[in-house]
Amino acid sequence: MIEWVGRKTIAGYAYLAALATLFTQAVLDLVSPARQGRRETLRVLIRQILFTGVDALPVTSVIALLLGIIIVTQAGTQLPKLGAGGLVGSIIVVTVIRELGPLITAFIVVGRSGTAIATELGNMSVTREVVALRLMGIPISQFVIMPRMVGMVLSMLCLTFYFDVVAVFGGYLVADAQLTIPFSAFVESVTRALSTTDLLMTAIKGFGFGSAVAAVCCYHGLAVRSSYTEVPQQTTRAMINSFVLCLLVDVVVTVPLYL
């Protein structure tokens, strides 16, 4: 048992170290871009932003709207029974803006874009495109990993704030229809409960989730060696590890700020 725990601990540490190395190299490539190939790098970056951010707006809007409706419905019907009917705005801030907004956005991005990145890089590895790029002297980190990682981080940040706004709007629809709360009173309740720390934490989580998902999916995509059967296996691992790592980042960010 001790041997198994030690082996898993060492493997986990090596895995996190590999992800950190991948992320660090991407940051270095971002701050010191190559003179050649900038147009191709920009093309990949824009394509990643369009796929991860713009194309995800419809599903993000639906999920955020439904989530806001559900939360305010539950809060608006239960809190008055406890004499806390004026805390609807605080419930929205605590549940959506602090926690569920960034986390569910990350899960949407993992399911749509993270798996797509892992599959795309896995197929590139099987067809020897990655080997061909290396033989031509083209840095994989600079032209394959960095633009996808930057595109995912930017998209995650924008989608997280968009999710929060749509969820709050969905909450207002319920508050106006069922609780007859005026728009000005609802906005005042939300803004009174919202603090700069909440916005800062949302941005930090969006950046952390985007970086974690991009690093994990790129790592597992490039981990494919010679068989197409490895592609769905590595994609599944990338998705599961992305979920776990996002929850870990969430704990690391939330606990120091609110304890």
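Please read all numbers here as calculations on a predicted model, not as lab measurements. (Residues numbered from 1 in each chain as written. Predicted model: local features only at pLDDT ≥ 70, side-chain atom pairs only at ≥ 80, totals over all residues. Heavy atoms only, no water.)

## Remarks on the overall build of the chain
If you tally the helices and strands in the chain, you get nine helices and zero strands. Tracing the chain from N to C terminus, the helices and strands come up as α-α-α-α-α-α-α-α-α. Along the longest, intermediate and shortest principal axes, the C-alpha atoms of the chain span 70 × 50 × 35 Å. Counting all 259 residues of the chain, 44% fall into the buried class. Sequence separation of at least 24 residues holds for 86% of the intrachain contacts in the chain that already meet a minimum separation of 6. Surface summary for the chain: the accessible area is close to 13400 Å², and the carbon and sulfur share equals 71%. (Helix = DSSP H or I, 4+ residues; strand = E, 2+ residues; numbered from the N terminus. Buried < 20%, exposed > 50% of the residue type's maximum accessible area, 1.4 Å probe, protein only. Contact = heavy atoms within 4.5 Å. Areas by Shrake-Rupley, 256 points an atom, 1.4 Å probe, with all protein chains shown as cover.)

## What to know about the UniProt feature "transmembrane region" (unreviewed entry) in the chain
Under the present numbering, the feature "transmembrane region" (unreviewed entry) in UniProt falls on residues 12–32, 44–72, 84–110, 199–222 and 238–258. Secondary structure within residues 12–32 divides into 95% helix and 0% strand; the distance between the first and last C-alpha atoms comes to 30 Å. Between the end C-alpha atoms of residues 44–72 there is a gap of 40 Å, over a span that is 93% helix and 0% strand. (UniProt positions renumbered as here; feature names shortened; annotations may be inferred.)

## A look at the confidence of the model for the chain
Per-residue confidence for the chain averages 85 on the pLDDT scale, and 92% of its residues sit at or above 70. Per-element averaging of pLDDT across the chain places helix H7 (residues 183–193) at the bottom with 76 and helix H8 (residues 196–222) at the top with 91. (pLDDT = per-residue confidence, 0-100.)

## Considering the pattern of salt bridges
Applying the stated criterion across every chain, the model contains seven salt bridges. Among the ionic pairs, glutamate 120 bridges to arginine 148, the shortest N-O distance being 2.9 Å. Remark: arginine 148 occurs in helix H6 (residues 140–177) and glutamate 120 occurs in helix H4 (residues 88–126); sequence separation between them is 28 residues. With relative accessibility at 30%, the residue glutamate 120 sits in the partly exposed group. Note that aspartate 250 and lysine 205 form a salt bridge whose closest N and O atoms lie 2.5 Å from each other. Placement of aspartate 250 in helix H9 (residues 230–258) and of lysine 205 in helix H8 is noted, with a sequence separation of 45 residues between them. Here the salt bridges do not stand alone but share partners, grouping Arg47, Glu120 and Arg148 into one network. (Salt bridge = Lys/Arg side-chain N within 4 Å of Asp/Glu carboxyl O.)

## Some details on the nonpolar core
Generally speaking, soluble globular proteins have nonpolar side chains that are buried together. In this structure, Leu121, Ile140, Ile145, Phe209 and Val213 are the most contacted members of the largest nonpolar core, which totals 40 residues. Sort the elements by how many residues they give to this core and H8 lands first, with 10 residues. The residues contacting isoleucine 140, other than those within four sequence positions of it, are Val130, Leu133, Arg134, Ile145 and Leu222. Leu67, Val96, Ile104 and Val190 belong to the second-largest nonpolar core, a separate cluster that totals 19 residues. (Core = buried A, V, L, I, M, F, W, Y, C linked by side-chain atoms within 4.5 Å.)

## A word on the environment of leucine 19
With respect to the helices and strands, leucine 19 occurs in helix H1 (residues 2–31). The spatial distance from the C-alpha of leucine 19 to the C-alpha of aspartate 164 is 29 Å, given a sequence separation of 145 residues. Residues contacting leucine 19, with those up to four places away along its chain left out, are Ala215, Val216, Tyr219 and Leu245.

## Points about the side chain of aspartate 250
The buried category is assigned to aspartate 250, whose relative accessible area is 7%. Reaching out from aspartate 250, the side chain makes a polar contact with the side chain of lysine 205 at a distance of 2.5 Å. (Polar contact = N/O pair within 3.5 Å; in protein donor to acceptor, adjacent residues only side chain to side chain.)

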